[in-house]
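# Structural overview for review
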Amino acid sequence: MGLLDAITQGLSKKKSTLADKDYKCPSCGAKVTLDMERCPSCGVRIKSMFRKKCPKCGELNELDAKKCVKGDYDFEAEIARAKKQVWRCPICGYEMDTLYTKCPVCGTRFM
Ligand SMILES: [Zn+2]
Ligand SMILES: [Zn+2]
Ligand SMILES: [Zn+2]
């Protein structure tokens, strides 16, 4: 019995990454995580309180939505863009989103 408890406890600790972050309940201010269905303090539905807004149409989407429900915006593409590598000229510091053979600002050759 005790062993089974330990196993189930260990399993329940392995939760999704969204759950690692603490949020405040928008209704009562209690500490909640996004894997909770409802706020343990006031009972409000948590996932319906936190939404991300589509920058294109303003539609409020589920927090884990990959695309806007209207289909006009791709939230995953936004993340991919943010991760895109930026090259910086070691001489003048100019930032390039593609690697040029020559710095367009100071003319330093990279290869
Ligand atoms: Zn609450
Ligand atoms: Zn949209
Ligand atoms: Zn340069």
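Residue indices begin from 1 for each chain and proceed along its sequence in written order. Chains and ligands are labelled by the order in which they are written, letters from A for the one and numbers from 1 for the other. Per-residue local features are limited, in this predicted model, to residues with pLDDT of at least 70; the limit for side-chain atom pairs, both in listing and counting, is 80 or more; totals at the level of whole chains, interfaces and linings are taken over all residues.

### Observations concerning the overall build of the protein chain
Numbering of helices and strands starts at the N terminus; helices are DSSP runs of H or I of at least 4 residues and strands are runs of E of at least 2. When helices and strands are tallied, the protein chain shows two helices and six strands. Listed by position from the N terminus, the elements making up the protein chain come as α-β-β-β-β-α-β-β. Here the protein chain, with 111 residues, has 5% of them falling under the buried criterion. Residues are defined as contacting one another if the C-beta atoms placed from their backbone atoms lie within 7 Å. Of all intrachain contacts in the protein chain linking residues separated by at least 6 positions in sequence, the fraction that spans at least 24 positions is 3%. As a rule, residues whose C-beta atom has 12 or fewer other C-beta atoms within 10 Å are exposed, those with 20 or more are buried, and those in between are partly exposed; C-beta atoms are placed from the backbone.

### Details of the environment of K67
Tracing the sequence through the fold places K67 in the loop between β4 (60-62) and α2 (75-83). Judged by the 14 C-beta atoms lying within 10 Å of it, K67 is partly exposed. The sequence separation of K67 and C54 amounts to 13 residues, and the corresponding C-alpha distance is 8.9 Å. If sequence neighbours within four positions are ignored, K67 has contacts with Y73, D74 and F75.

### Topic: the environment of F110
Note on placement: F110 falls in the segment after β6 (95-96). Apart from the residues lying within four places of it in its own chain, the contact partners of F110 are T101 and K102.

### Focus on the environment of I91
Considering the arrangement of structural elements, one finds I91 in the loop between β5 (87-88) and β6. Given 12 C-beta atoms within a 10 Å radius, I91 is considered exposed. Taking C-alpha positions, I91 is 7.7 Å from C106, a pair spaced 15 residues apart along the chain. In this structure, I91 is in contact with C103, C106 and T108, ignoring residues within four places of it in sequence.

### Observations regarding the confidence of the model for the protein chain
The predictor rates its confidence in each residue with pLDDT, a number between 0 and 100. Scored by pLDDT, the protein chain comes out at a mean of 83, with 82% of its residues at no less than 70. Per-element confidence in the protein chain is highest for strand β2 (residues 31-32), whose mean pLDDT is 92, and lowest for helix α1 (residues 2-13), whose mean pLDDT is 59.

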